[in-house]
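Structural characterization, general
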Amino acid sequence: MKFNKRTLLASFALLVLFARVPVICAQVPVNQQSRDFLLDHCADCHQGEQAEGGFDLEKLGKNLAKKSEFAKWERVYDRLSRGEMPPPEADAPEAALRRRFLASLENGLTAAHASSKGTRLRRLNRREYENTLNDLLGIRLKLADRLPEDGRSHEFDNIGSALGLSMVHMQKYVETIRFALDEAIAKSTRAPEAETIRGSYAKTREAEKFLGKVWKELPDGAVVRFSGGGYPSGMIRSTRVRQAGKYRIRVTGYAYQSGEPITFSVGGTTFQRGAELPTFGYFQFFPGKPQTVELVAQLESNYMIQIEPYGIQDPQRYKRQSIADYGGPGLAIQTVVLEGPLMDQYPSRGHQLIFEGIQRKEIEPADPRQKAKSWYRPRFEIVSQDEAGDARQSLQRVASFAFRRRLTADDIDPYLSLFESERTKGASFEEALRQAVTAVFCSPRFLFLDENPGQRDDF
């Protein structure tokens, strides 16, 4: 179902209507009996402009939630509990009256302290939102950049008072969760086959210009680089991946003209401006026969492998006309092989979270031969004898993980009502279920960390 203003407002209404946000105590008052006690026994010395020690009862506030007032009442409690006040020459209050005053004030101070030391209710920041969705749905998407910049307080982006929520946030949350669901929900009945990509420096565009001058090609097909960084870089154009995902990377090579191992990095690069250029790891090749190092890394679409040697340098590389007689150490790379995208499981964790126990089957095309065409994309339908029951089961499962707690039927009813409303308007079962799941992930119970005091449970 396409994004529109109506569905956005529906999701936003759900967020506001069904939010269960705890009220933060804004005031912890001092009871009148405590104030009367001080006026009866301390006003002679601590009242007016001439108050001893600058402690004026007339300026003593009533709200223990304020740090400045809490400190003054805490001082009162300490001086009386230690017997420092009233002074020996003054009339002391009866012991029972004094004990009642201290007990009453202690209760207030304890309540105020408990209120102030609690964590402020806050929403997930962009990074936490991305990590949580990726974990719940079993995907690996860069979602943070799709959301508005988080507010910062003292250079931290996880301070509740700085993390607001606007209509723009809601629009982006709706768009982002739909993007994530598109990735998580299976588009075919079989897992996509992993592709094998082979690359080498000998088959790059740079080879035509730099082989024999800066790079050296050996009889076994390896290309040697004698310096790291600079131009030409260690990018291998022929390793470009078209589909984002997790890839197994194998690099084969050895240390050339060196008695010591040579260290090198394996990373990702792209021509996209401002894109992150990750380093996946550091490795060593030893002198002698070719060796292979293997790693698994996440590559985004249109990224290529980049290898850079460390600890070696050819100071004359831009001045030399031929590299044939150069005797310095170099890093020889024969091949780089990528296999992927690799699937942890298929369908994804998110697909199973939504559709477990629901019969989702492919709609067969009128002409079965279409399934062999490269352009063919399967379509699916939900077969259900109890739509409300199946939808409730799915939403109960999704929401329990999203909200991080066990749920009751009342918790699910609003989302089930949204599902039924979308079905009434003509949406298919899957479209209506997606809309309800979208509302779940736009709820404050997901977006905000609403945690009770005490030991954490499994959720």
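Residues numbered from 1 in each chain as written. Predicted model: local features only at pLDDT ≥ 70, side-chain atom pairs only at ≥ 80, totals over all residues. Heavy atoms only, no water.

1. Considerations on the overall build of the protein chain
- When you go through the protein chain residue by residue, the secondary structure sums to twelve helices and twelve strands.
- Its C-alpha atoms give the protein chain a radius of gyration of 34 Å, more than 25% over the compact-globule value 23 Å for 459 residues.
- Taken over 459 residues, the protein chain has a buried fraction of 43%.
- Counting contacts in the protein chain only where the partners sit at least 6 residues apart, residues at least 24 apart contribute 74% of the total.
- Split by element, the accessible area of the protein chain, about 26000 Å² in all, is 49% carbon and sulfur.
- Across the protein chain, the centroid of the 66 positively charged side chains sits 7 Å from that of the 60 negatively charged ones. (Helix = DSSP H or I, 4+ residues; strand = E, 2+ residues; numbered from the N terminus. Rg over C-alpha atoms; globule rule 2.2 N^0.38 Å. Buried < 20%, exposed > 50% of the residue type's maximum accessible area, 1.4 Å probe, protein only. Contact = heavy atoms within 4.5 Å. Areas by Shrake-Rupley, 256 points an atom, 1.4 Å probe, with all protein chains shown as cover. Lys, Arg positive; Asp, Glu negative; His and termini not counted. Charge placed at Lys NZ, Arg CZ, Asp CG, Glu CD.)

2. Looking at the pattern of salt bridges
- For the coordinates displayed, the defined rule picks out 25 salt bridges.
- The residue K361 makes a salt bridge to E381 at a minimum N-O spacing of 4.0 Å. Here K361, found in strand β11 (residues 359–363), pairs with E381, found in strand β12 (residues 379–383); they are 20 residues apart in sequence, far enough to count as distant.
- Residues joined by salt bridges that share partners form a network here, namely D182, R360, E430 and R434. (Salt bridge = Lys/Arg side-chain N within 4 Å of Asp/Glu carboxyl O.)

3. Some points on the environment of R225
- Relative to the helices and strands, R225 is located in strand β3 (residues 223–225).
- R225 sits in the buried class, given a relative accessible area of 4%.
- Setting aside residues no more than four positions away along its own chain, R225 makes contact with Y201, W215, P232, S233, G234, I307, E308, P309, I312, G330 and L331.

4. Remarks on helix α11 (residues 429–440)
- If you check α11, its first and last C-alpha atoms are 17 Å apart, about what twelve residues at 1.5 Å a residue would give, namely 16 Å.
- Counting buried positions along α11 gives ten out of twelve residues, so the element sits mostly inside the fold.
- Residues of α11 that are buried include every one of F429, E430, A432, L433, Q435, A436, V437, T438, A439 and V440, and no others. (Expected span 1.5 Å × (residues − 1).)

5. Quick look at the pairing of strand β9 (residues 304–310)
- Most of β9 sits out of view: six of its seven residues are buried.
- Relative to β9, strand β4 (residues 235–236) runs antiparallel, the two being bridged by two bridges. Residue pairing across strands places M235 opposite Q306, the latter belonging to β9.
- Here strand β6 (residues 262–269) runs beside β9; their pairing, made up of seven bridges, is antiparallel. Residue pairing across strands places T269 opposite M304, the latter belonging to β9. (Pairing = 2+ DSSP bridges.)

6. A word on the confidence of the model for the protein chain
- On average, the protein chain scores 85 in pLDDT, and the residues at 70 or more come to 91%.
- When pLDDT is averaged over each helix and strand of the protein chain, the minimum, 50, is found for helix α1 (residues 5–17) and the maximum, 97, for strand β7 (residues 279–285).
- pLDDT under 50 marks residues 14–26. Its contacts with residues more than four places away, or in other chains, come to 26 contacts. (pLDDT = per-residue confidence, 0-100.)

7. With respect to the sheet that holds β6
- Strand order in the open sheet formed by four strands is β4-β9-β6-β7, with antiparallel pairing between adjacent strands. Single-partner strands in this sheet number two, and they are β4 and β7.

8. Considerations on the nonpolar core
- By size, the foremost hydrophobic cluster in this structure holds 48 residues, and its most contacted members are Y129, L133, L433, F441 and F446.
- Elements that contribute at least two residues to this core include exactly α5 (126–137), α6 (167–184), α8 (349–355), α9 (387–403), α10 (409–424), α11 and α12 (444–447).
- Setting aside its immediate chain neighbours within four residues, L133 contacts G138, I139, L143, I177, A180, F441 and F446.
- With 29 residues, the next largest nonpolar core counts I197, F264, V266 and I333 among its residues. (Core = buried A, V, L, I, M, F, W, Y, C linked by side-chain atoms within 4.5 Å.)

9. Concerning the packing of α9 against α11
- It is at 10 Å that the axes of α9 and α11 come closest, and there the two elements cross at 25°. Relative to α11, the element α9 is oriented roughly parallel. When you trace α9 past α11, the crossing you get is right-handed. Residues E387, D390, A391, S394, L395, V398, A399, A402 and F403 of α9 lie in contact with α11, whose contacting residues are F429, L433, A436, V437 and V440. (Axes fitted to C-alpha atoms, helices over the stretch in contact; angles between N-to-C directions. Parallel < 35°, antiparallel > 145°, perpendicular 65-115°, else oblique. Left-handed = near helix turned anticlockwise from the far one by under 90°.)

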